[in-house]
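What follows is each chain in one-letter form.
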Amino acid sequence: MRIVGEVLDPRDDGMQVFTDVVTLEAAHPDLTDTSHHIEVAPGTDVHTYVDALNRTLEPLGATARAGGLGAGGDMVATLNALSAILTLMLVAVAALGVLNGVLLDTRERVREIGIHKALGMTPRQTVAMVLTSVAVTGLAAGALGVPLGVALHRRVLPAMGESVGLRLPESVLAVYPSAELFPLVLGGLVIATLGALPPAGWAARARTATSLRTE
């Protein structure tokens, strides 16, 4: 037997061989088909086709069901929802970390901010000053975090596949096109800005006299 390729198929623990039926006819002449895969023409309503086919197959005791890329849609939707929730939780935790740090820094500089206000700094300029203090950190975090995250993804995912006997193809690992990496880098700046907005608003609303009396 000459193996010409490898297919990612996790069914039966990946212990399957895909070959033409002619390959096995000599060893097992009375082979019978157990399933058929049908590709419908573009634009065909798959569910309508399956319903009509099932009405025809019912007397034969056979059943048709929709498959292909749309199969397992509920599971995919569930996984996507869990991924979205996890992403939001991580963003929230990161933003809270920024909030804590910026809030402490702003309270320590409240007298300095009061002096700036006394010299004519407007509330908008105060907000801009606080946000600017975290902009460089946010960009640096994104610039470092994205490459590290991609490297970790390419290391952990193959290890997870190998643990269950699967060799994941490059198409599964290369899920981050270059065009999508740049917005991810800016994600660090967005998180830093979100976390710094409440302290910036508090600093902008603080009365100048109160800030100057603060030690």
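All values reported here derive from a predicted model rather than from experimental measurement.

Colleague: When you look at the packing of helix α5 (residues 123–163) against helix α7 (residues 178–205) in this model, what are you seeing that I'm missing?
Modeller: Between α5 and α7, whose axes approach to 6 Å, the crossing angle comes to 150 degrees. Overall, the two elements α5 and α7 adopt an arrangement that is roughly antiparallel. When the axes of α5 and α7 are compared, the crossing they make is right-handed. Classifying every residue of the contact of α5 with α7 by side-chain character gives 21 nonpolar, 5 polar and no charged.

Colleague: So what exactly am I meant to see when it comes to the nonpolar core here?
Modeller: Generally speaking, nonpolar side chains in soluble globular proteins are found buried as a group. V102, I113, V130, V134, A192, A196, A200 and A203 form the largest nonpolar core, which has 8 residues in total. Of all the elements in the fold, those that place two or more residues in this core are α5 and α7. Counting residues per element, this core draws most heavily on α7, at 4 residues. In contact with A203, other than residues within four places in its own chain, are T106, I113, K117, T126 and V130.

Colleague: Is there a simple way to think about helix α2 (residues 46–57) in this case?
Modeller: Helical geometry note: an α-helix holds 3.6 residues per turn, so side chains three or four residues apart project in the same direction. Look at α2: 16 Å from first C-alpha to last across 12 residues, which is about the 16 Å you get at 1.5 Å a residue. Its side-chain oxygen at 3.2 Å from the backbone nitrogen of H47, D45 defines the N-terminal cap of α2.

Colleague: What should I look at first to understand empty space enclosed by the protein in this one?
Modeller: One simple way to see leftover space: roll a probe sized like a water molecule over the atoms. As enumerated under the stated definition, the model contains 1 cavity of 30 Å³ or more in all. Here the largest cavity defines a volume of roughly 30 Å³. D105, T106, R109, I113, V130 and S133 are the residues that line the largest cavity. Those elements that place two or more of their residues in the lining of the largest cavity are α3 (73–108) and α5.

What counts and how
- Residues numbered from 1 in each chain as written.
- Predicted model: local features only at pLDDT ≥ 70, side-chain atom pairs only at ≥ 80, totals over all residues.
- Heavy atoms only, no water.
- Axes fitted to C-alpha atoms, helices over the stretch in contact; angles between N-to-C directions.
- Helix = DSSP H or I, 4+ residues; strand = E, 2+ residues; numbered from the N terminus.
- Parallel < 35°, antiparallel > 145°, perpendicular 65-115°, else oblique.
- Left-handed = near helix turned anticlockwise from the far one by under 90°.
- Nonpolar A, V, L, I, M, F, W, Y, C, P; charged D, E, K, R; others polar.
- Core = buried A, V, L, I, M, F, W, Y, C linked by side-chain atoms within 4.5 Å.
- Buried < 20%, exposed > 50% of the residue type's maximum accessible area, 1.4 Å probe, protein only.
- Contact = heavy atoms within 4.5 Å.
- Expected span 1.5 Å × (residues − 1).
- Polar contact = N/O pair within 3.5 Å; in protein donor to acceptor, adjacent residues only side chain to side chain.
- 1 Å grid on protein atoms, 1.4 Å probe; cavity = no way out; pocket = protein on both sides within 12 Å on 5 of 7 lines; lining within 4 Å.
- Points joined across faces, edges and corners; volume = space filled by probe spheres on them.

Read these as layout, nothing more, since geometry by itself doesn't imply function.
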